[in-house]
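The lines below spell out each chain.
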Amino acid sequence: ENYLRAQPLFQEVAYHSNKGPRGKYLLGLLYERITVVQLFKGDIPAALAAANSALNLSTELAISDPRDAQSGVTRIEDYKLVADLESRTGRDHDAILHMEKAFALMPKLVEQSPKDTEVQAMKAYLHTTAGDIASRKQDYQRALKYYETSIGVLSAIASANAKNGGAGQRLGGTHNR
């Protein structure tokens, strides 16, 4: 609820920051959090609207500075989020198109930041979401393939750095799907 109340304030901050990258980035993060709040409340259309707002901002940021890996990761995350929500509303075709866009952006991002753990983990997160979407369509064979790919990526991250608790936690969650 606090995120919902803070939305006008963040929009004002973004407006007064001359629509600069930092203000847009913060506003995009707010929209992502509003998406989670709306999803928790069960209001998927409102969650999808917020996720699309975040995607529009992250796309604008990524296009304005293609070398910025953080905006690239955020853009892919937002495509993934929109796809997941579309899948939850039965808009499977749109969900698949958004996932395809996210997957298409990954090679450039990996090339740009090959050792960035967050970039590597995003590959796993994309496969997990694609598995969830396939599972909702009752395409369990395809879902399993996506989950196995995700597990492989997360296992490699966790093996390379045993202190990476996030990878281990995601790995356990993906095993339970």
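Owing to the predicted nature of the structure, the values given are computational and were not obtained by experimental measurement.

Here we come to the nonpolar core. Judged by nonpolar contacts, the single largest core of 28 residues is most densely connected at Ile-76, Met-122 and Leu-126. Listed by contribution, the elements that provide at least two residues to this core are α3 (44-64), α4 (69-88), α5 (92-112), α6 (117-136) and α7 (140-160). Look past the residues within four positions of Leu-126 in its chain and what remains in contact with it is Ile-76, Lys-80, Met-99, Ala-102, Phe-103 and Met-106. In terms of nonpolar packing, the next biggest core, distinct from the first, is built from seven residues, Leu-27, Ala-50, Ala-54 and Leu-57 among them.

Right, let's talk about the packing of aromatic side chains for a bit. Two aromatic rings, taken as a pair, are described by how far apart their centres are and by the angle between their planes. One pass over the structure, following the stated rule, counts one aromatic pair. Between Phe-103 and Tyr-146, the ring centres sit 6.4 Å apart and the planes meet at 15°, which makes this aromatic pair stacked. With Phe-103 in helix α5 and Tyr-146 in helix α7, the pair connects residues that are 43 residues apart, well separated along the chain. A residue is classified by how much of its surface remains accessible, and Tyr-146, at 24% relative accessible area, is partly exposed.

A few words on the packing of α5 against α6. Closest axis-to-axis distance for the α5/α6 pair is 10 Å, and the angle between their directions is 165°. The orientation of α5 with respect to α6, classified from their angle, is roughly antiparallel. The handedness of the crossing between α5 and α6 is left-handed. Mapping the contact onto sequence places Ala-95, Met-99, Ala-102, Phe-103, Met-106, Leu-109 and Val-110 in α5 and Val-119, Gln-120, Met-122, Lys-123, Leu-126, His-127, Thr-129, Ala-130 and Ile-133 in α6.

This paragraph deals with the environment of Asp-94. When you line up the elements, Asp-94 lands in helix α5. When the C-alpha atoms of Asp-94 and Asp-84 are compared, they prove to be 9.9 Å apart, with 10 residues separating the residues in sequence. In this structure the side chain of Asp-94 is engaged in a polar contact, spanning 3.2 Å, whose partner is the side chain of Arg-91.

This part covers the packing of helix α2 (residues 21-41) against α3. Contact geometry for α2 and α3: axes closest at 8 Å, N-to-C directions at 160°. It follows from the interaxial angle that α2 and α3 lie roughly antiparallel. Once α2 is placed against α3, the crossing between them reads as left-handed. Taking contact as the criterion, the partners of Pro-21, Lys-24, Tyr-25, Leu-27, Gly-28, Tyr-31, Glu-32, Ile-34, Thr-35, Gln-38 and Leu-39 in α2 are, on α3, Ile-44, Ala-46, Ala-47, Ala-50, Ala-51, Ser-53, Ala-54, Leu-57, Glu-60 and Leu-61. For the contact of α2 with α3, the residue count by class is 14 nonpolar, four polar and three charged.

Attention now moves to the pattern of salt bridges. The full count for this structure, using the stated rule, is eight salt bridges. One salt bridge connects Arg-88 with Asp-84, and the closest N-O pair in it is separated by 2.8 Å. Here Arg-88 pairs with Asp-84, and both are found in helix α4, just four residues apart, close to one helical turn. Among the residues examined, Arg-88 registers a relative accessible area of 39% and is labelled partly exposed. The closest approach of N and O atoms between Arg-91 and Glu-86, which form a salt bridge, is 3.6 Å. On the basis of relative accessible area, Glu-86 is assigned to the buried category, the value being 2%. By sharing partners, the salt bridges in this structure join Asp-84, Arg-88 and Arg-136 into a single network.

Definitions and limits used
Residues numbered from 1 in each chain as written. Predicted model: local features only at pLDDT ≥ 70, side-chain atom pairs only at ≥ 80, totals over all residues. Heavy atoms only, no water. Core = buried A, V, L, I, M, F, W, Y, C linked by side-chain atoms within 4.5 Å. Buried < 20%, exposed > 50% of the residue type's maximum accessible area, 1.4 Å probe, protein only. Helix = DSSP H or I, 4+ residues; strand = E, 2+ residues; numbered from the N terminus. Contact = heavy atoms within 4.5 Å. Phe/Tyr/Trp six-rings, centres within 6.5 Å; stacked < 30°, edge-to-face > 60°. Axes fitted to C-alpha atoms, helices over the stretch in contact; angles between N-to-C directions. Parallel < 35°, antiparallel > 145°, perpendicular 65-115°, else oblique. Left-handed = near helix turned anticlockwise from the far one by under 90°. Polar contact = N/O pair within 3.5 Å; in protein donor to acceptor, adjacent residues only side chain to side chain. Nonpolar A, V, L, I, M, F, W, Y, C, P; charged D, E, K, R; others polar. Salt bridge = Lys/Arg side-chain N within 4 Å of Asp/Glu carboxyl O.

Shape is all these values report; function is a separate question.
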